[in-house]
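This is what each chain is made of:
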Amino acid sequence: MAAELVCRVDEVAVKSALRVEIDDVPVAIVKDSEGVLHAIGDTCSHAEISLSEGDVEGCTIECWAHGSSFDLKTGEPLTLPAYEPVPVFELKTVGDEVYVDISTVLNGVEPE
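Quantities reported herein were computed from a predicted structural model and do not represent experimental measurements.

Conventions and cut-offs
Residues numbered from 1 in each chain as written. Predicted model: local features only at pLDDT ≥ 70, side-chain atom pairs only at ≥ 80, totals over all residues. Heavy atoms only, no water. Core = buried A, V, L, I, M, F, W, Y, C linked by side-chain atoms within 4.5 Å. Buried < 20%, exposed > 50% of the residue type's maximum accessible area, 1.4 Å probe, protein only. Contact = heavy atoms within 4.5 Å. Helix = DSSP H or I, 4+ residues; strand = E, 2+ residues; numbered from the N terminus. Polar contact = N/O pair within 3.5 Å; in protein donor to acceptor, adjacent residues only side chain to side chain. Pairing = 2+ DSSP bridges. Axes fitted to C-alpha atoms, helices over the stretch in contact; angles between N-to-C directions.

## Overview of the nonpolar core
Judged by nonpolar contacts, the single largest core of 16 residues is most densely connected at Val30, Ile40, Cys44, Leu51, Ile61, Phe70 and Leu72. Contacts of isoleucine 40, omitting those with residues within four sequence positions, involve Pro26, Val27, Ala28, Val30, Leu51, Ile61, Leu72, Val86, Pro87, Val88 and Phe89. Val27, Phe89, Val98 and Val100 belong to the second-largest nonpolar core, a separate cluster that totals 15 residues.

Encoded structure:
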């Protein structure tokens with residue numbers, strides 16, 4: 001599968017996230033505190049909650065429901081109650097366009 005155009009760079013504000021779906025896979029496009037874009041699975045591994053609705057701080061995103069934080073680079077949970085990582089996908093920018101390839105999982109965690 002090829003990378004798919006999901007949004008424009010300016011559609012995601014610093015310290016925020018945008019939910020997109022690629023072939024029925026929910027993905028959070030997150031711009032961290034440094035302005036770096038990341039693509040992670042949008043579903044918290046603890047509960048069926050959209051991570052893109054959570055708070056972004058530094059290079060983490062926190063699930064609004066139960067407070068689990070995830071590292072945007074590795075997908076690893078940093079706080080309980082989540083203990084399973086979320087997938088991290090390949091993201092590329094071309095000009096001001098953001099592309100994500102969900103077939104390229106950078107941390108080995110397959111999307112559900």
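## Considering the side chain of histidine 38
In this fold, histidine 38 is placed in strand β4 (residues 37-41). Here aspartate 32 takes part through its side chain, which lies 2.9 Å from a polar atom of the side chain of histidine 38. Dropping the residues within four chain positions of it, histidine 38 is found in contact with Ala28, Ile29, Val30, Asp32, Cys59, Leu72, Lys73 and Leu91.

## Quick word on the sheet that holds strand β2 (residues 16-22)
One open sheet accounts for six strands, arranged β1-β9-β8-β4-β3-β2; its pairing is antiparallel. Both edges of this open sheet fall to β1 (4-8) and β2, since each of them pairs with a single strand only. Each adjacent strand pair in this sheet contributes to an overall mean axis angle of 30°, direction not counted. Pairing of strand β8 (residues 88-94) with strand β9 (residues 97-105) involves six bridges; the strand directions are antiparallel. What sits directly across from threonine 93, in β9, is valine 98.

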